Amino acid sequence: MNLIILSGPNYQEYTEKFERYYRLMKNELFELEKESTTDIMEVYEYLIGHEYTNDFRNLCKHGVSRTLTKYSKCRYQTNNLFYRILMPFKEEDINSEPLIKIYHDVLYDDEILKIKTLALENMNDAHVKSVDGKDDVLEEKTRSGQVYWISEVDAVEYFDALNTRIESFTGFSTKTAEQYQIVNYGLGGHYLPHHDSFAKGTENVEFGNRLVTVLFYLTDVQNDGYTSFPLLNINAPVDKGAALVWNNLHMSNGQLFYESLHGSCPLLKGNKWIMTKWLYEEGQHLPYNWKNK
Ligand SMILES: O=C(O)CCC(=O)C(=O)O
Ligand SMILES: [Fe+2]
């Protein structure tokens, strides 16, 4: 590329050239910017008209004013596991009722890479799993993203260790859990507030209901795309390698924890990847019998 020198006898010609290049570059940058961002108001307008969406919208847009309580602490957690003395979990309390915690750095970069590669080969448009095991296509406005259910049988080497790790930091069995679900949200991708557990009478006959959600973040997302709990006024930040863990049911009787209502704020820039594991009632040490609740 020739340098444009804005002085000397060809000053006029060079200035015109410079202006032309400048305009071209500006347009180019503008187009690039347009591709990687989306109109915030457009996405939020889209969310109007749904139950709880005002709270959800405000929370997504204005963030959180969470009051710290005596529960809000973070610690190195060993859960009385011998080898975790050397490598404790970084546990952060988010809420007490229902219990919500973040475990930082529990999914490693090489695992994230493998999981994304596996998922990319098998992505489908977002579906929701119904109790009878069939997939229902979700209304587009409720959730927009690409979904992949990983069969652990096909990828034992990735998931054996992870199952054990989940059991260590949650204290719950993964033996009756669902397969791992991977979701990729693009621009404007979101998930309106919902409960993860199944409605009464529609639980899984073998394993009961979704007791605990373990949500791993496979990417960092700056300033948006939070997992938001509108009834608790909480936005959880998207922190690559962390797992957000919460109870969907009351641990004393298995009834729905209404306040566990949550969604994913619209993604306004970049890309958000998550992986979810739902732990079921069956096979856990619970003070109630889920079959007779
Ligand atoms: O993407 C998120 O932050 C939330 C996802 C979620 O709620 C779900 O998959 O059930
Ligand atoms: Fe959810």
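The rules behind these values
Residues numbered from 1 in each chain as written. Chains lettered and ligands numbered in written order. Predicted model: local features only at pLDDT ≥ 70, side-chain atom pairs only at ≥ 80, totals over all residues. Heavy atoms only, no water. Donors = N, O, S within 2.8 Å, 3.2 Å for Na, K, Ca; no water. Helix = DSSP H or I, 4+ residues; strand = E, 2+ residues; numbered from the N terminus. Buried < 20%, exposed > 50% of the residue type's maximum accessible area, 1.4 Å probe, protein only. Patch = residues over 30% accessible without salt bridge, like charges linked within 9 Å, V, L, I, M, F, W, Y side chains within 5 Å. Areas by Shrake-Rupley, 256 points an atom, 1.4 Å probe, with all protein chains shown as cover. Salt bridge = Lys/Arg side-chain N within 4 Å of Asp/Glu carboxyl O. UniProt positions renumbered as here; feature names shortened; annotations may be inferred. Polar contact = N/O pair within 3.5 Å; in protein donor to acceptor, adjacent residues only side chain to side chain. Contact = heavy atoms within 4.5 Å. Core = buried A, V, L, I, M, F, W, Y, C linked by side-chain atoms within 4.5 Å. Phe/Tyr/Trp six-rings, centres within 6.5 Å; stacked < 30°, edge-to-face > 60°. Lys NZ or Arg CZ within 6 Å of the ring centre and 35° of its normal. Pairing = 2+ DSSP bridges. Axes fitted to C-alpha atoms, helices over the stretch in contact; angles between N-to-C directions.

Protein coordination at the iron ion (ligand 2): the donors are H194 (NE2), D196 (OD) and H262 (NE2), at 2.1 Å from the metal. Ordering the donors of the iron ion (ligand 2) by residue number gives the pattern H-x1-D-x65-H. Of the two residues, H194 sits in strand β9 (residues 191-194) while H262 sits in strand β14 (residues 262-264), which places them 68 residues apart along the sequence. Of the two residues, H194 and H262, both sit in the buried class.

Moving on: a nonpolar patch on the surface. On the surface, L231, L256 and Y258 cluster together to form a nonpolar patch covering roughly 250 Å² of accessible area. The topology assignment puts Y258 in the loop between β13 (243-247) and β14.

In this section: the pattern of salt bridges. Using the criterion set out here, one finds 9 salt bridges in the structure. Among the ionic pairs, D93 bridges to R75, the shortest N-O distance being 2.8 Å. Separated by 18 residues along the polypeptide, D93 in strand β2 (residues 89-95) and R75 in strand β1 (residues 74-77) bring together distant segments of the chain. A relative accessible area of 31% places R75 in the partly exposed class. Salt-bridge contacts for K240 lead to D109; the nearest nitrogen and oxygen are separated by 4.0 Å. Residue K240 is found in the loop between β12 (234-236) and β13, and its partner D109 is found in helix α4 (residues 109-120); the two are separated by 131 residues along the sequence. Among the ionic contacts, a cluster of salt bridges with common partners joins R75, E91, D93 and K101.

All right, on to the UniProt feature "domain: Fe2OG dioxygenase" (unreviewed entry) in the protein then. As recorded in UniProt, the sites labelled "domain: Fe2OG dioxygenase" (unreviewed entry) are residues 176-281. When the span residues 176-281 is considered, its composition is 0% helix and 39% strand, and the gap between its end C-alpha atoms is 8 Å.

Here S228 is to be found in strand β11 (residues 227-229). Taking the relative accessible area as the measure of exposure, S228 reaches 0% and is therefore buried. Among the polar contacts made by the side chain of S228, one reaches the side chain of N235 at a distance of 3.0 Å. Beyond its immediate chain neighbours, meaning those up to four positions away, S228 contacts F56, L59, C60, I234, N235, L261, H262, G263 and C265.

A general trend in soluble globular proteins is that nonpolar side chains are found buried together. By size, the foremost hydrophobic cluster in this structure holds 33 residues, and its most contacted members are I150, F169, V214, F216 and M275. Those elements that place two or more of their residues in this core are α4, β7 (146-150), α5 (156-170), β8 (180-185), β10 (210-217), β13 and β15 (272-280). The contacts of V214, once residues within four sequence positions are left out, are I166, F169, T170, A243, L244, V245, M275, T276, K277 and L279. By size, the runner-up hydrophobic cluster in this structure holds 24 residues, among which are V183, L267, I274 and Y280.

A few words on the packing of aromatic side chains. Evaluated as defined, the whole model comprises 6 aromatic pairs. Here F89 and Y103 contribute two aromatic rings whose centre-to-centre distance is 6.3 Å and whose plane-to-plane angle is 80°, an arrangement assigned as edge-to-face. Of this pair, F89 sits in strand β2 while Y103 is found in strand β3 (residues 100-104), placing the two residues 14 residues apart along the sequence. Centroid distance W149 to W278: 6.2 Å. Interplanar angle 40°. Geometry classified as tilted. On the criterion of sequence distance, the pair formed by W149 in strand β7 and W278 in strand β15 is long-range, its members being 129 residues apart. With respect to burial, W149 and W278 carry one shared label: buried. Just above the ring of W278 sits the side chain of R210; from NZ or CZ to the centre is 3.7 Å. Of note, K277 hangs over the ring of Y180, and the distance from its end group to the ring centre comes to 4.0 Å.

Strand pairing in a sheet takes place through backbone hydrogen bonds and is either antiparallel or parallel in direction. Strand order in this open sheet of 4 strands is β9-β14-β11-β12, and the pairing throughout is antiparallel. Of all strands in the sheet, those with a lone pairing partner are β9 and β12, marking the two edges. When the angles between neighbouring strand axes are averaged without regard to direction, this sheet yields 15°. Sheet analysis places β11 next to β12, joined by 3 bridges and oriented antiparallel. Looking at the pairing, T227 lines up with A236 of β12.

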